[in-house]
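Residues per chain, in single letters:
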Amino acid sequence: EAQVTQNPRYLITVTGKKLTVTCSQNMNHEYMSWYRQDPGLGLRQIYYSMNVEVTDKGDVPEGYKVSRKEKRNFPLILESPSPNQTSLYFCASSPTNSPLHFGNGTRLTVT
Amino acid sequence: EDKVVQSPLSLVVHEGDTVTLNCSYEVTNFRSLLWYKQEKKAPTFLFMLTSSGIEKKSGRLSSILDKKELFSILNITATQTGDSAIYLCAVRETSGSRLTFGEGTQLTVNP
């Protein structure tokens, strides 16, 4: 089944403890992107990648890192999480200039 | 900075009503406008619009784009309770890299 898989689905952590949210797609898509969704703010783009080894900042990249060493994987790294990073995170992928396919989301709480 | 504004932010209707959701945008280099439906999980794709004046239709849903006035509308006729969701509008720029979302319209359809 064609899908974007994020893990974990739920995560509660403490301030400053490094974490990684994984994202994997099995559709051979070139484009991948991370979003966070907050009430009243909609979906905001954190980072995106046009292809392997090519990543760029979105609208809210502060406090996040990404890597794209392989086409299928695009992990989101929070080196030192803070409470303002508590949010619902979505990974998405697509062929270039085509509609995004979204993962099921990761709900992160930082205390 | 790219901007997408949706209205209304919230809408409550009765089954059978027809609704019109609005999306206006300011994007430096417009490529396409996309509509998504989000229930309790990942957004799912509805329409992608690239040309003015051409209506896209899928069952009771339809959408049209006006590139001169920089807006799009999403119509839902004969609404059902299953249409209750957040409807998201997004605009993609020419390079294909940046996808900017609006806040979304929360639609509630009561029986």
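For the structure itself, look to the data block above.
Residues numbered from 1 in each chain as written. Chains lettered and ligands numbered in written order. Predicted model: local features only at pLDDT ≥ 70, side-chain atom pairs only at ≥ 80, totals over all residues. Heavy atoms only, no water.

K.L.:
Looking at this model, I keep getting lost on the overall build of chain B. Mind explaining?
P.N.:
Counting its regular elements, chain B contains 0 helices and 11 strands. Relative to a compact globule of 111 residues, whose C-alpha radius of gyration would be 13 Å, chain B shows 13 Å and is just as compact. Referenced to the eigenvectors of the C-alpha coordinate spread, the extents of chain B come out at roughly 45 × 25 × 20 Å. Taken across its 111 residues, chain B has 45% of its residues classed as buried. Across chain B, the fraction of contacts at a sequence separation of at least 24, relative to all contacts at a separation of at least 6, is 54%. For chain B, the exposed surface amounts to about 5,400 Å²; the carbon and sulfur share of it is 49%. Positive and negative side-chain charges in chain B, numbering 12 and 12 respectively, have mean positions lying 6 Å apart. (Helix = DSSP H or I, 4+ residues; strand = E, 2+ residues; numbered from the N terminus. Rg over C-alpha atoms; globule rule 2.2 N^0.38 Å. Buried < 20%, exposed > 50% of the residue type's maximum accessible area, 1.4 Å probe, protein only. Contact = heavy atoms within 4.5 Å. Areas by Shrake-Rupley, 256 points an atom, 1.4 Å probe, with all protein chains shown as cover. Lys, Arg positive; Asp, Glu negative; His and termini not counted. Charge placed at Lys NZ, Arg CZ, Asp CG, Glu CD.)

K.L.:
Help me understand the pairing of strand 11 (residues 105–110) of chain B, please; the structure alone is not making it clear to me.
P.N.:
Put simply, side chains in a regular strand alternate between the two faces of the sheet. Residue and element names in this part refer to chain B. Side chains of strand 11 alternate between two faces, with Thr105, Leu107 and Val109 buried and Gln106, Thr108 and Asn110 left unburied. When strand 2 (residues 10–14) meets strand 11, the two strands line up parallel, connected through 5 bridges. For Leu11, the partnering residue across the bridge sits in strand 11 and is Leu107. The pairing of strand 9 (residues 85–93) with strand 11 spans 3 bridges and is antiparallel. The residue bridging Tyr87 from the neighbouring strand is Thr105, located in strand 11. (Pairing = 2+ DSSP bridges.)

K.L.:
I tried to follow the nonpolar core on my own but got confused; where do I start?
P.N.:
The nonpolar side chains of a soluble globular protein tend to be buried with one another. Ranked by size, the top nonpolar core spans 22 residues in total, and within it Tyr25, Leu33, Trp35, Tyr87, Val91 and Leu107 of chain B carry the most contacts. Elements that contribute at least two residues to this core include exactly strand 3 (19–26), strand 4 (30–38), strand 5 (44–49), strand 7 (61–66), strand 8 (71–76), strand 9 and strand 11 of chain B. Leaving out residues up to four positions away in the same chain, Val91 of chain B has contacts with Val4, Tyr25, Val27, Phe30, Ser32, Leu33, Arg98, Leu99 and Thr100 of chain B. In terms of nonpolar packing, the next biggest core, distinct from the first, is built from 19 residues, Trp34, Ile46, Val66 and Leu78 of chain A among them. (Core = buried A, V, L, I, M, F, W, Y, C linked by side-chain atoms within 4.5 Å.)

K.L.:
Looking at this structure, I do not really get the sheet that holds strand 3 of chain B. What am I missing?
P.N.:
The strands making up a sheet are joined through hydrogen bonds of the backbone, oriented either antiparallel or parallel. Residue and element names in this part refer to chain B. A sheet is described by the order of its strands in space; here 5 strands give the open sequence 1-3-8-7-6, paired in antiparallel fashion. The open sheet is flanked by strand 1 (3–7) and strand 6 (56–58), the only strands paired with a single partner. Strand-to-strand twist of the sheet, defined as the mean angle between neighbouring strand axes without regard to direction, takes the value 15°. Pairing between strand 1 and strand 3: 5 bridges, direction antiparallel. Bridging from a neighbouring strand, Val4 pairs with Tyr25 of strand 3. (Axes fitted to C-alpha atoms, helices over the stretch in contact; angles between N-to-C directions.)

K.L.:
What exactly am I supposed to notice about the interface of chain A and chain B here?
P.N.:
Interfaces are frequently sized by the accessible area removed from exposure as the parts join. Contacts between chain A and chain B engage 22 residues on the former and 20 residues on the latter. For the pair chain A and chain B, the two sides together bury roughly 1,700 Å², of which 52% comes from carbon and sulfur. For the chain A face of the interface with chain B, the top three residues by lost area are Leu43, Asn97 and Pro99 of chain A, together amounting to 32%. Applying the counting rule to chain A against chain B returns 1 salt bridge. Notably, a salt bridge pairs Asp59 of chain A with Arg98 of chain B, separated by 2.2 Å at the nearest N-O pair. Where chain A meets chain B, there are 6 residue pairs in polar contact (both at pLDDT 80 or more). When contributions to the side of chain A that touches chain B are tallied by element, the ones reaching two or more residues are strand 4 (31–38), strand 5 (42–51) and strand 9 (87–94) of chain A. (Buried area = accessible area lost by both parts, 1.4 Å probe. Salt bridge = Lys/Arg side-chain N within 4 Å of Asp/Glu carboxyl O. Polar contact = N/O pair within 3.5 Å; in protein donor to acceptor, adjacent residues only side chain to side chain.)

K.L.:
Looking at this model, I keep getting lost on the state of the cysteines. Mind explaining?
P.N.:
Should the sulfur atoms of two cysteines be covalently bonded, the bond is a disulfide. Residues and elements named next belong to chain A. In the structure shown here, the tally under the stated rule is 2 disulfides over all chains. Linked covalently through their sulfurs, Cys23 and Cys91 form a disulfide whose S-S length is 1.9 Å. Torsion about the S-S bond of the Cys23 and Cys91 cystine: about -75°, corresponding to left-handed handedness. Pair noted here: Cys23 is in strand 3 (residues 19–25) and Cys91 is in strand 9, with a separation of 68 residues, a long-range link. Cys23 gets classed as buried once you look at its relative accessible area, which sits at 2%. (Disulfide = S-S within 2.5 Å.)

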